[in-house]
Amino acid sequence: MKLGLQLGYWSAQPPQGVGELVAAAEDAGFDAIFTAEAWGSDAFTPLAWWGRETSRIRLGTSIVQMSGRTPASIAMHALTLDHLTGGRVILGMGVSGPQVVEGWYGVPFSKPLARTREVVSIIRQVLAREAPVTNDGPHHPLPYGGPGAVGLGKPLKPIVHPLRADLPIWLGAEGPKNVAQTAEIADGWIPIFYTPKSAGMYQPWLDEGFARPGARHGPDGLGRASFEIAATCHLQVVDTPAEKQLVIDGMKPFVSLYMGGMGAKEQNFHHQVFTRMGYGELADEVQELYLSGEKDKATALIPDELVDDMHIIGTPSEVKERVAQWEETGVTTLLLSCRSAAEIRGIADLLA
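Residues numbered from 1 in each chain as written. Predicted model: local features only at pLDDT ≥ 70, side-chain atom pairs only at ≥ 80, totals over all residues. Heavy atoms only, no water.

Some remarks on the side chain of Gln-181
Tracing the sequence through the fold places Gln-181 in helix 6 (residues 176–185). One polar contact links the side chain of Gln-181 to the main-chain carbonyl oxygen of Leu-113, over a distance of 3.1 Å. The residues touching Gln-181, leaving out its near neighbours within four places in the chain, are Leu-113, Thr-116, Arg-117, Ala-186 and Arg-212. (Helix = DSSP H or I, 4+ residues; strand = E, 2+ residues; numbered from the N terminus. Polar contact = N/O pair within 3.5 Å; in protein donor to acceptor, adjacent residues only side chain to side chain. Contact = heavy atoms within 4.5 Å.)

Overview of unusual backbone geometry
For residues that are not glycine, phi is negative in most cases, and the peptide bond is trans in most cases. The linkage connecting Ser-62 with the following residue, Ile-63, adopts the cis geometry, with an omega of 10°. Examined against the element boundaries, Ile-63 turns out to sit in the loop between strand 3 (58–61) and strand 4 (64–65). Residue Pro-143 is bonded to the preceding Leu-142 through a cis peptide linkage, with omega at -5°. Structurally, Pro-143 is set in the loop between helix 5 (112–128) and strand 6 (169–172). The backbone of Lys-111 sits at a positive phi, close to 55°, despite the residue not being glycine. Mapped onto the fold, Lys-111 is located in the loop between helix 4 (98–103) and helix 5.

Digging into the packing of helix 5 against helix 6
Running from amino to carboxyl end, helix 5 crosses helix 6 at an angle of 15°, the nearest separation of the two axes being 11 Å. Considering their axes alone, helix 5 and helix 6 lie roughly parallel with respect to each other. The element helix 5 and its partner helix 6 pack so that their crossing is right-handed. Across from Leu-113, Thr-116, Arg-117, Val-120 and Arg-124 in helix 5, the residues of helix 6 making contact are Lys-177, Asn-178, Gln-181, Glu-184 and Ile-185. Its residues placed into classes, the contact of helix 5 with helix 6 shows three nonpolar, three polar and four charged. (Axes fitted to C-alpha atoms, helices over the stretch in contact; angles between N-to-C directions. Parallel < 35°, antiparallel > 145°, perpendicular 65-115°, else oblique. Left-handed = near helix turned anticlockwise from the far one by under 90°. Nonpolar A, V, L, I, M, F, W, Y, C, P; charged D, E, K, R; others polar.)

Looking at the packing of aromatic side chains
All chains considered together, the criterion is met by 10 aromatic pairs. Between Trp-189 and Tyr-202, the aromatic rings sit 5.0 Å apart at their centres with planes inclined by 65°, giving edge-to-face as the arrangement. Placement of Trp-189 in strand 7 (residues 188–190) and of Tyr-202 in helix 7 (residues 199–211) is noted, with a sequence separation of 13 residues between them. Grouping residues by exposure puts Trp-189 and Tyr-202 together as buried. Here the aromatic rings of Phe-193 and Phe-274 are separated by 4.6 Å at their centres, their planes lie at 35°, and the arrangement is tilted. Residue Phe-193 is found in the loop between strand 7 and helix 7, and its partner Phe-274 is found in helix 9 (residues 269–291); the two are separated by 81 residues along the sequence. Judged on exposure class, the residue Phe-193 and its partner Phe-274 are both buried. We note Arg-52 situated over the ring of Trp-49; from NZ or CZ to the ring centre the distance is 4.3 Å. Arg-115 extends its terminal NZ or CZ atom over the ring of Phe-109, reaching a point 5.3 Å from the ring centre. (Phe/Tyr/Trp six-rings, centres within 6.5 Å; stacked < 30°, edge-to-face > 60°. Buried < 20%, exposed > 50% of the residue type's maximum accessible area, 1.4 Å probe, protein only. Lys NZ or Arg CZ within 6 Å of the ring centre and 35° of its normal.)

What about helix 2 (residues 44–51)?
Along an α-helix, residues three or four apart share an orientation, since each turn contains 3.6 residues. Among all positions in helix 2, only Phe-44, Pro-46, Leu-47, Trp-50 and Gly-51 are buried. Relative to the axis of helix 2, the buried residues are bounded by an arc of 165° and lie together on one face. (Arc of directions from axis to C-beta.)

Side note on the pairing of strand 8 (residues 228–233)
Summarising burial for strand 8: five of the six residues are buried, a large majority. In terms of strand pairing, strand 7 meets strand 8 through two bridges, oriented parallel. Considered in strand 8, the bridge of Gly-188 is made with Glu-228. Following the backbone out of strand 7, through helix 7 and into the adjacent parallel strand 8, one traces a crossover that is right-handed. (Pairing = 2+ DSSP bridges. Right-handed = clockwise from strand over helix to strand, strands pointing away.)

Let's talk about the side chain of Gln-6
Position of Gln-6 among the secondary structure elements: in strand 1 (residues 2–8). A distance of 3.0 Å separates a polar side-chain atom of Gln-6 from the backbone nitrogen of Gly-8. Not counting residues within four places of it along the chain, the set of residues in contact with Gln-6 comprises Phe-34, Thr-35, Ser-62, Thr-232, Leu-335, Leu-336 and Ser-337.

Looking at the environment of Gly-40
Within the secondary structure, Gly-40 sits in the loop between strand 2 (32–35) and helix 2. Taking C-alpha positions, Gly-40 is 7.1 Å from Trp-10, a pair spaced 30 residues apart along the chain.

This is the structure in structure tokens:
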């Protein structure tokens, strides 16, 4: 199992010391660094900026929001950065949620599965550069001939010859249908809230996708062994139970945010994941409190065992044992958020 450094997206201001973290990750043997985006910083620019001083480590997005750019634009970003980095890009994408898609990007959120399939198809056509790119789907028709069209659009191939036609595409997916489609059409999966205890829930959905006719990593494709699963968690080494409790307590606000406050009450995909994990009643109560403004009360309901399952927190021997459990479930990369170069080096030394 490989290690990835999750840089995430920015808060109110650009983070400090990231260049030092990236350098330490490359020196320590981490496989990749990843950036994200919400409705502030974008995912591609930080990779180009901080990745310019690296030579080996892979550069991934987890995740690019598909509604924020046309498929051809996403492909242009990816093929450009792939050339500049000598073929080290991992293109991680996801559909985001209706509040962001319709409230920030101003486009419809409906039919996310069909939209995802079209986006991946168009990007693969761009990267293959075998013929002018076309798409007859309703979400991203190419050439465009709908309302407002002047009728002069023509299929095009990228001017630049992509460095890799097989640039890996990973998808963020949570629900059964989305996970199955990811196993069918993508090269990797970026789950959220994946844990050793919940791994069994996802396996049938992955198996369904791998078994579909024409699946990229199914029996007739590249092989399931080449499909990657990159799970995000917080890993922290502690010396005492009291120190572990402090870390767990510090993680609870993030759990309550995603369980209760990340998305509308009518459609919160993260809330649905916790419900599938067996925390339905808790998730409903946390959501009710969170959306009514009682965030502290919502956070107080998060049980220690849930946080402990979602993350890897313990003594050195406990951490090594827990990492092995994650690897046994099929995780190929652990995406970790680290606060210092010393922490990166310490984790690398412990897990070497």
